[in-house]
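So the chains spell out like this:
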Amino acid sequence: MSQSRPGPSARSAEPDQPAEVDQPAETDQPAEAQRGSSDAATKPGGEAAESNAYAVGLPPIRRRICTVIALAGLLASLVIGQVVQAPTLWGLLPILLYAALCLLGLDIVVATVVAVLSGILIAARPPTEVGELLGTSLGDLVTMIGLIIVLGAGVGEVLRVTGVADTIVSAIMRTVGERSRHAVTFGVMFACLVLVASLGTLAGALAIAAPILIPITARMGFTRSATASMMFVGGCAGLALAPFAGSNVAILTAANVDYLTYLRVGAGPLAVLSIALAMLIVPWMQRRTAARGNDFYTAEEASDDVAGTDRNPKAGRATAAFLVLLVASVVYATVTNAGTTFPLLALPLLGIVTGFAGGLSSVEIAGRMYRGGARLLSIFILFWLLAALFGIIDQWLKPYDVILDTFGSQLSHLGAFPFAVAIGLLGWVGVPGATAAQVVLLDKVFGGLGATLGVSASAWVIVLLWASKGDTYGPFPNANMIGAMGLARSQNLRNVLLTGWLVMIPACVMYAILLALMT
């Protein structure tokens with residue numbers, strides 16, 4: 001078969017590379033599943049056209065198991081509520097029920113509703129008190145994080161429409177150039193990092209960047225798997241740095257630290273380590289997959305379709321306005337120690353200023369903000385329900401009072417380091433994609449105990465960051481991996497998973513050393 005790898009042979013081809021075979025690459029999952037995940041990932045904002053961002057499909061058997069567990073848990077809660085009084089260890093039942101249903105794959109919003117009902121039944125409070133609690137929960141910091149996530153999605157839609165996202169990626173790649181594969185590798189990762197950090201979403205940002213980056217990597221002779229590795233690692237590093245991403249805001253709130261401290265002790269080391277390791281991992285992945293000869297892009301895929309599309313003539317001005325205001329917002333929030341409420345002002349302001357600078361009218365800006373935020377309305381509902389759940393447990397059932405009264409003396413002898421490591425790893429069995437919810441849950445359940453054991457705020461940043469971000473790199477496939485793979489037009493999930501492992505293991509060692517020094 002003739003060579004179909006595009007680009008000048010002097011620059012993009014290696015003399016000992018075999019010819020490409022245009023057939024599907026090795027795959028680790030059914031083709032239908034890959035197409036579905038890829039299609040979902042390429043939608044703006046990284047969300048499918050469904051109203052529930054956490055909607056999942058369950059096999060009939062598992063759905064029946066979830067139904068049985070939910071009904072049994074609610075029935076047990078009804079009985080327990082008639083025979084116990086707070087404070088009681090039975091107050092942990094809603095959390096256990098919530099964790100079991102989520103691990104079985106039930107829609108996380110539905111699982112949260114079941115947990116809230118369980119808590120209400122155990123507390124046996126009248127409807128008027130339940131209504132008051134739900135109303136109070138709307139103003140809770142947990143609910144506020146959900147609103148921040150919705151606002152961030154709205155801003156991301158404005159950046160997409162005004163061409164700001166395209167301009168950021170194109171400018172970085174023009175600066176880096178195509179002098180060598182190492183330069184392009186760094187450029188692709190840095191472009192993904194900046195865009196994901198700006199938008200606060202991995203799949204949505206990579207969906208915008210992919211059409212610009214793939215023709216460049218294809219011309220340089222990179223394989224699909226190597227390109228997927230670049231996009232995945234760069235995107236994950238950017239997600240850790242994103243100042244207004246919901247999970248990161250949750251960490252800042254839980255640990256009560258400013259963004260600069262978060263960057264210095266947690267996200268910064270992870271981002272630097274990820275990019276440094278990827279500069280070694282990507283060439284290795286390139287050699288590994290190039291030898292097979294069937295993982296290269298076709299000439300059609302290497303064509304720059306984006307170059308021929310109409311671009312917003314005001315995109316440059318909009319980009320400048322967005323970047324200046326973003327930097328000013330982060331600096332102001334850091335200097336003034338602005339709390340969780342600051343993104344509620346900063347995000348709409350970013351969307352409005354960028355939209356006007358990009359030539360949108362006020363009606364168009366509002367419409368785009370609505371459209372972007374509407375995709376994640378279920379997340380706002382989820383965080384409102386979580387706030388209610390934590391209120392029921394903390395104010396009505398108070399199981400942690402019993403734990404501290406009963407086991408306080410024994411727990412005081414437990415070292416801060418093993419506790420921190422255990423909680424960091426516990427986050428890995430959480431809900432994939434629900435990182436902000438994981439942070440809130442872990443802090444509500446274990447934050448007080450960690451403070452009792454002497455875990456510092458900086459150490460708690462590391463614990464919550466790795467608990468919420470560690471499972472993005474592995475040890476199992478997840479939506480971010482599949483999204484990066486699909487957007488890079490690859491079909492080999494094993495290679496992306498391998499990339500994640502090669503970053504995850506050194507990162508575990510790095511954080512273990514930092515925690516040992518801090519505790």
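First, a word on scope: everything that follows refers to the structure included in this document.

About the thresholds
Residues numbered from 1 in each chain as written. Predicted model: local features only at pLDDT ≥ 70, side-chain atom pairs only at ≥ 80, totals over all residues. Heavy atoms only, no water. Axes fitted to C-alpha atoms, helices over the stretch in contact; angles between N-to-C directions. Helix = DSSP H or I, 4+ residues; strand = E, 2+ residues; numbered from the N terminus. Parallel < 35°, antiparallel > 145°, perpendicular 65-115°, else oblique. Left-handed = near helix turned anticlockwise from the far one by under 90°. Contact = heavy atoms within 4.5 Å. Nonpolar A, V, L, I, M, F, W, Y, C, P; charged D, E, K, R; others polar. Buried < 20%, exposed > 50% of the residue type's maximum accessible area, 1.4 Å probe, protein only. Salt bridge = Lys/Arg side-chain N within 4 Å of Asp/Glu carboxyl O. Phe/Tyr/Trp six-rings, centres within 6.5 Å; stacked < 30°, edge-to-face > 60°. Expected span 1.5 Å × (residues − 1). Arc of directions from axis to C-beta.

A look at the packing of helix α3 (residues 60-83) against helix α5 (residues 108-123)
Argument step 1. Where α3 contacts α5, the two axes come as close as 7 Å, and the packing angle between them is 20°. Accordingly, the angle class assigned to the pair α3 and α5 is roughly parallel. α5 is crossed by α3, and the crossing has right-handed handedness. Contacts between α3 and α5 involve Ala70, Leu74, Ser77, Leu78, Ile80 and Gly81 from the former and Val114, Leu117, Ser118, Leu121 and Ile122 from the latter.
Argument step 2. Broken down by class, the residue content of the contact of α3 with α5 amounts to eight nonpolar, three polar and no charged.

Thoughts on the environment of Val113
Argument step 1. With respect to the secondary-structure elements, Val113 resides in helix α5.
Argument step 2. When its relative accessible area of 35% is taken as the criterion, Val113 is described as partly exposed.

A few points about the pattern of salt bridges
Argument step 1. Evaluation of the coordinates by the stated rule reveals five salt bridges.
Argument step 2. For Glu129, the salt bridge identified is with Arg125, shortest N-O distance 2.8 Å.
Argument step 3. Residue class for Arg125 comes out partly exposed when judged on its relative accessible area of 31%.
Argument step 4. For Glu157, the salt bridge identified is with Arg160, shortest N-O distance 2.8 Å.

Quick look at the packing of aromatic side chains
Argument step 1. Scanning the entire structure with this criterion turns up seven aromatic pairs.
Argument step 2. Ring geometry for Tyr259 against Tyr262: centres 6.0 Å apart, planes inclined by 35°, an arrangement best described as tilted. Linking Tyr259 with Tyr262, this pair stays in helix α13 (residues 259-290), spanning three residues, or about one helical turn.
Argument step 3. With relative accessibility at 15%, the residue Tyr259 sits in the buried group.

Topic: helix α15 (residues 315-336)
Argument step 1. With 22 residues, α15 should cover 32 Å at 1.5 Å per step; its first-to-last C-alpha distance of 31 Å lies within 8% of that length.
Argument step 2. Those residues of α15 not exposed but buried are Ala315, Ala318, Thr319, Phe322, Leu325, Leu326, Ser329, Val330, Ala333 and Thr334. Buried residues of α15, seen end-on, are gathered within an arc of 165° and therefore sit on one face of the element. Exposed residues on α15 whose side chains face more than 90 degrees from its buried face are Val324, Val327 and Val335.
Argument step 3. Within two residues after α15, Asn337 carries a phi angle of roughly 60°, on the positive side.

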